[in-house]
Amino acid sequence: MNDAAPLTSSTGTLVWQFKVRDGGATLNDSDSASTTLTDLTISKSTGNQVTSWFDAIKTIALFDGTNLIATGTVNSTASVYSIAFTGMNFVVPDNSERTLSLKMSLNCGIGNLNFDGDDFGFSISNANTTFLSSGSGKTTFSAQSSLNGKIVIDVVATKLNFTVQPSNSGIGTIMTPYVKANATDNCGNLDKNFNNSI
């Protein structure tokens, strides 16, 4: 969960995959040039529930198979949802396609605005992709988004914390205020769905 950058093939969590094509859906264009992706910005899609990406995400990266392509920069401005991948040289040969995999690691504390069960919603738009002009270039495409409910923060409790401490009371007397406890992981993130016996 809390793997540091740079991520590797064995660290982080795979959260999304998408294809980069030369020749469009039919993989067939009129030139003999390759397509080279240099810059990409992921933005918020409809259905995103994570209030602060910057607080939640420790690091995020694009992979081609097991090969690290680029580490993203998460925008730190409040209410701005963007992850920039710059300076890439991701080459797709003429009339073919390659798959990019997005892997992510979360901060130990995901922030006080983000919660167990919140869902990340990622989107890639035509305006937020840059390709080398010397290659096949880019045909306008509609925004591509991750499916809702697929990139969900899942906090698994490892300990109980008293939020209202026990107080002295007589035998057979109801303790007031009632003792209260919550279940958190080792980072202090609340497990909202915890219902196990104590």
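For the structure itself, consult the block above.
Here's a quick rundown of the structure. (Residues numbered from 1 in each chain as written. Predicted model: local features only at pLDDT ≥ 70, side-chain atom pairs only at ≥ 80, totals over all residues. Heavy atoms only, no water.)

## Structural notes on the layout of surface pockets
So, step 1. Put simply, the largest pocket is a space of about 620 Å³.
So, step 2. As for the largest pocket, its lining consists of 22 residues, of which K19, V20, R21, F131 and F141 are closest to the centre.
So, step 3. Contributions of two or more residues to the lining of the largest pocket are made by β1 (13-21), β2 (35-44) and β10 (129-131).
So, step 4. It is β1 that contributes the most residues to the lining of the largest pocket, four residues altogether.
So, step 5. Residue composition of the lining of the largest pocket, by class: eight nonpolar, eight polar and six charged.
So, step 6. Space inside the second largest pocket adds up to approximately 230 Å³.
So, step 7. Taken together, 12 residues line the second largest pocket, and the ones lying closest to its centre are T13, M104, L106, V152 and I153. (1 Å grid on protein atoms, 1.4 Å probe; cavity = no way out; pocket = protein on both sides within 12 Å on 5 of 7 lines; lining within 4 Å. Points joined across faces, edges and corners; volume = space filled by probe spheres on them. Helix = DSSP H or I, 4+ residues; strand = E, 2+ residues; numbered from the N terminus. Nonpolar A, V, L, I, M, F, W, Y, C, P; charged D, E, K, R; others polar.)

## So, the environment of S34
So, step 1. Structurally, S34 is set in the loop between β1 and β2.
So, step 2. A residue is classified by how much of its surface remains accessible, and S34, at 26% relative accessible area, is partly exposed.
So, step 3. Between the alpha carbons of S34 and I69 there is a distance of 18 Å; along the sequence they are 35 residues apart.
So, step 4. In contact with S34, not counting residues within four places along its chain, are D22, V91, V92, P93, D94, G135 and S136. (Buried < 20%, exposed > 50% of the residue type's maximum accessible area, 1.4 Å probe, protein only. Contact = heavy atoms within 4.5 Å.)

## Digging into unusual backbone geometry
The bulk of non-glycine residues show a negative phi, and the bulk of peptide bonds are trans.
So, step 1. Of note, the amide linkage connecting A5 to P6 takes the cis form, showing an omega dihedral of -5°.
So, step 2. Within the secondary structure, P6 is located in the segment before β1.
So, step 3. Positive phi outside glycine occurs at L27, with the angle close to 55°.
So, step 4. Relative to the helices and strands, L27 resides in the loop between β1 and β2.
So, step 5. Phi is positive for N95, close to 55°, though the residue is something other than glycine.
So, step 6. Assessed through its relative accessible area of 28%, N95 is described here as partly exposed.

## Describing the sheet that holds strand β8 (residues 97-106)
Hydrogen bonds between backbone atoms are what pair the strands of a sheet, whose relative direction is either parallel or antiparallel.
So, step 1. Pairing in this open sheet of four strands is antiparallel, and the strands run β1-β8-β3-β4 from one edge to the other. In this open sheet, the two strands that pair with only one neighbour each are β1 and β4 (67-71). Looking at each pair of strands side by side, their axes are set apart by 30° on average, direction ignored.
So, step 2. Note: β1 against β8, eight bridges, orientation antiparallel. (Pairing = 2+ DSSP bridges. Axes fitted to C-alpha atoms, helices over the stretch in contact; angles between N-to-C directions.)

## Re the packing of aromatic side chains
So, step 1. If you walk through the whole model with that rule in mind, you get six aromatic pairs.
So, step 2. Seen in terms of ring centroids, W16 and F18 are 5.3 Å apart; in terms of plane orientation they differ by 55°. Their pairing is tilted.
So, step 3. Under the relative-accessibility criterion, F18 is labelled buried at 13%.
So, step 4. Both rings, one in F120 and one in F122, keep their centres 5.6 Å apart while their planes meet at 35°; by these two values the pair is tilted.
So, step 5. Residue classification places F122 among the buried residues on the basis of a relative accessible area of 0%. (Phe/Tyr/Trp six-rings, centres within 6.5 Å; stacked < 30°, edge-to-face > 60°.)

## Side note on the environment of N193
So, step 1. Locating N193 in the fold gives a position in the segment after β13 (180-184).
So, step 2. According to the relative accessible area criterion, N193 is exposed, its value standing at 59%.

## Quick notes on the nonpolar core
So, step 1. One finds F120 and F122 to be the most contacted residues of the largest nonpolar core, which totals 32 residues.
So, step 2. Elements represented by at least two residues in this core include exactly β1, β2, α1 (53-56), β3 (57-64), β6 (82-85), β7 (90-92), β8 and β9 (122-124). (Core = buried A, V, L, I, M, F, W, Y, C linked by side-chain atoms within 4.5 Å.)

## Side note on the side chain of N48
So, step 1. Relative to the helices and strands, N48 resides in the loop between β2 and α1.
So, step 2. One polar contact links N48 to W53, side chain to side chain, over a distance of 3.1 Å.
So, step 3. Among the polar contacts made by the side chain of N48, one reaches the main-chain amide nitrogen of G121 at a distance of 3.0 Å. (Polar contact = N/O pair within 3.5 Å; in protein donor to acceptor, adjacent residues only side chain to side chain.)

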